[in-house]
Amino acid sequence: MSTPKIKGIVEQMVQPYLDEHNFELVDIEYVKEGSNYFLRVFVDKEGGIDIDDCGMISEYLSGKLDENDPIPEAYFLEVSSPGAERPLKKKEDVAKAVGKDVFVTVYEQVEGQKELEGRLLSFEDDVLVISAGKKEYSIPYAKVASARLAIVF
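Please read these numbers as outputs of a predicted model, since none were measured by experiment.

1. Comments concerning the sheet that holds strand β4 (residues 101-110)
Strands sit in the order β7-β6-β5-β4-β8 across an open sheet of five strands; the sheet is antiparallel. A single partner strand is all that each edge strand has here, and the edge strands are β7 (135-140) and β8 (144-149). Recorded for the sheet is a direction-independent mean angle of 40 degrees between the axes of neighbouring strands. Here five bridges tie strand β5 (residues 113-124) to strand β6 (residues 127-132), and the two strands are oriented antiparallel to one another.

2. Overview of the environment of Lys-114
Residue placement: Lys-114 occurs in strand β5. Judged by relative accessible area, Lys-114 falls into the partly exposed class, the value being 41%. A sequence separation of 30 residues divides Lys-114 from Val-144, and the C-alpha atoms of the two residues are 9.6 Å apart. Only 2.9 Å separates the side chain of Lys-114 from the backbone oxygen of Tyr-107, close enough to count as a polar contact.

3. Focus on the nonpolar core
Judged by nonpolar contacts, the single largest core of 20 residues is most densely connected at Val-10, Leu-18, Leu-39, Val-41, Val-43, Ile-57 and Leu-61. Looking at this core, the elements with two or more residues in it are α1 (3-20), β1 (24-33), β2 (36-44) and α2 (51-68). Ranked by the residues each element gives to this core, the list is headed by α1, at six residues. Core analysis: the second largest hydrophobic core is formed by 18 residues, Leu-88, Val-94, Ala-97 and Val-144 among them.

4. Brief notes about the sheet that holds β1
Here three strands make up an open sheet; going across it, the order is β1-β2-β3 and the pairing mixed. In this open sheet, the two strands that pair with only one neighbour each are β1 and β3 (76-80). Ignoring strand direction, the axes of neighbouring strands in this sheet form an average angle of 15 degrees. In this structure, β1 lies alongside β2, joined through nine bridges in antiparallel fashion. Opposite Asp-27, over in β2, you have Phe-42 as the bridge partner. Together, β1 and β2 form the strand contacts of α1, whose direction differs from that of β1 by roughly 145 degrees. Seen against the sheet, α2 touches β2 and β3 and runs at an angle of roughly 145 degrees to β3.

5. Concerning the packing of α1 against α2
Two elements in contact, α1 and α2, have axes separated by 10 Å at closest approach and are oriented at 140 degrees. Comparing the axis directions of α1 and α2 gives the class oblique. Crossing of α1 against α2: the hand is right-handed. Residues Val-10, Met-13, Val-14, Tyr-17 and Leu-18 of α1 lie in contact with α2, whose contacting residues are Met-56, Ile-57, Tyr-60, Leu-61, Lys-64, Leu-65 and Asn-68. The residue makeup of the contact of α1 with α2, split by class, is 10 nonpolar, one polar and one charged.

6. Quick notes on the pattern of salt bridges
Summed over all chains, the structure comprises 14 salt bridges. For Glu-33, the salt bridge is made with Arg-40, and the minimal N-O distance between the two is 2.8 Å. In this structure, Arg-148 engages Glu-85 in a salt bridge whose closest nitrogen and oxygen atoms are separated by 3.3 Å. One end of the pair, Arg-148, is in strand β8; the other, Glu-85, is in the loop between β3 and α3 (91-96), with 63 residues separating them in the sequence. Overall, Arg-148 belongs to the partly exposed group, its relative accessible area being 27%. Owing to a relative accessible area of 36%, Glu-85 belongs among the partly exposed residues under this scheme. Connected through shared salt-bridge partners, Glu-24, Asp-44, Arg-86, Asp-93 and Lys-96 make up one network.

Thresholds, definitions, all that
Residues numbered from 1 in each chain as written. Predicted model: local features only at pLDDT ≥ 70, side-chain atom pairs only at ≥ 80, totals over all residues. Heavy atoms only, no water. Pairing = 2+ DSSP bridges. Helix = DSSP H or I, 4+ residues; strand = E, 2+ residues; numbered from the N terminus. Axes fitted to C-alpha atoms, helices over the stretch in contact; angles between N-to-C directions. Buried < 20%, exposed > 50% of the residue type's maximum accessible area, 1.4 Å probe, protein only. Polar contact = N/O pair within 3.5 Å; in protein donor to acceptor, adjacent residues only side chain to side chain. Core = buried A, V, L, I, M, F, W, Y, C linked by side-chain atoms within 4.5 Å. Contact = heavy atoms within 4.5 Å. Parallel < 35°, antiparallel > 145°, perpendicular 65-115°, else oblique. Left-handed = near helix turned anticlockwise from the far one by under 90°. Nonpolar A, V, L, I, M, F, W, Y, C, P; charged D, E, K, R; others polar. Salt bridge = Lys/Arg side-chain N within 4 Å of Asp/Glu carboxyl O.

These values are about where atoms sit, not about what they do.
Here is the structure:
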């Protein structure tokens, strides 16, 4: 079974539980590392999640996966926070990040840059405006390869 199909099935299984308990699904990964497969579910909530939250979600999802058995090979289930440098996967994630520090990579150079780290000033009309150094960059959302929050030291 393809990774996108597995991700879709897992999302359908876990989303109602997350909605009911005010959690946000950030991302789902299904990857092979060495000889092992890993199903990783990244969740968050207002104020952050803790180990007990992850345990409850893992227990619920594990039961659903055992009941439906959508993944043919053996795998390890991991439920965790997306971390301090959380990925910004959807437009809604980018909109929530306005005013925060971000790291963005692009498919095509923007003013000679393929990677930008700085303060996300705005996200309007599908354009990110990032202040990096003494310059502001306007990046069409369609050119964004990846984006995440950034920790600045």
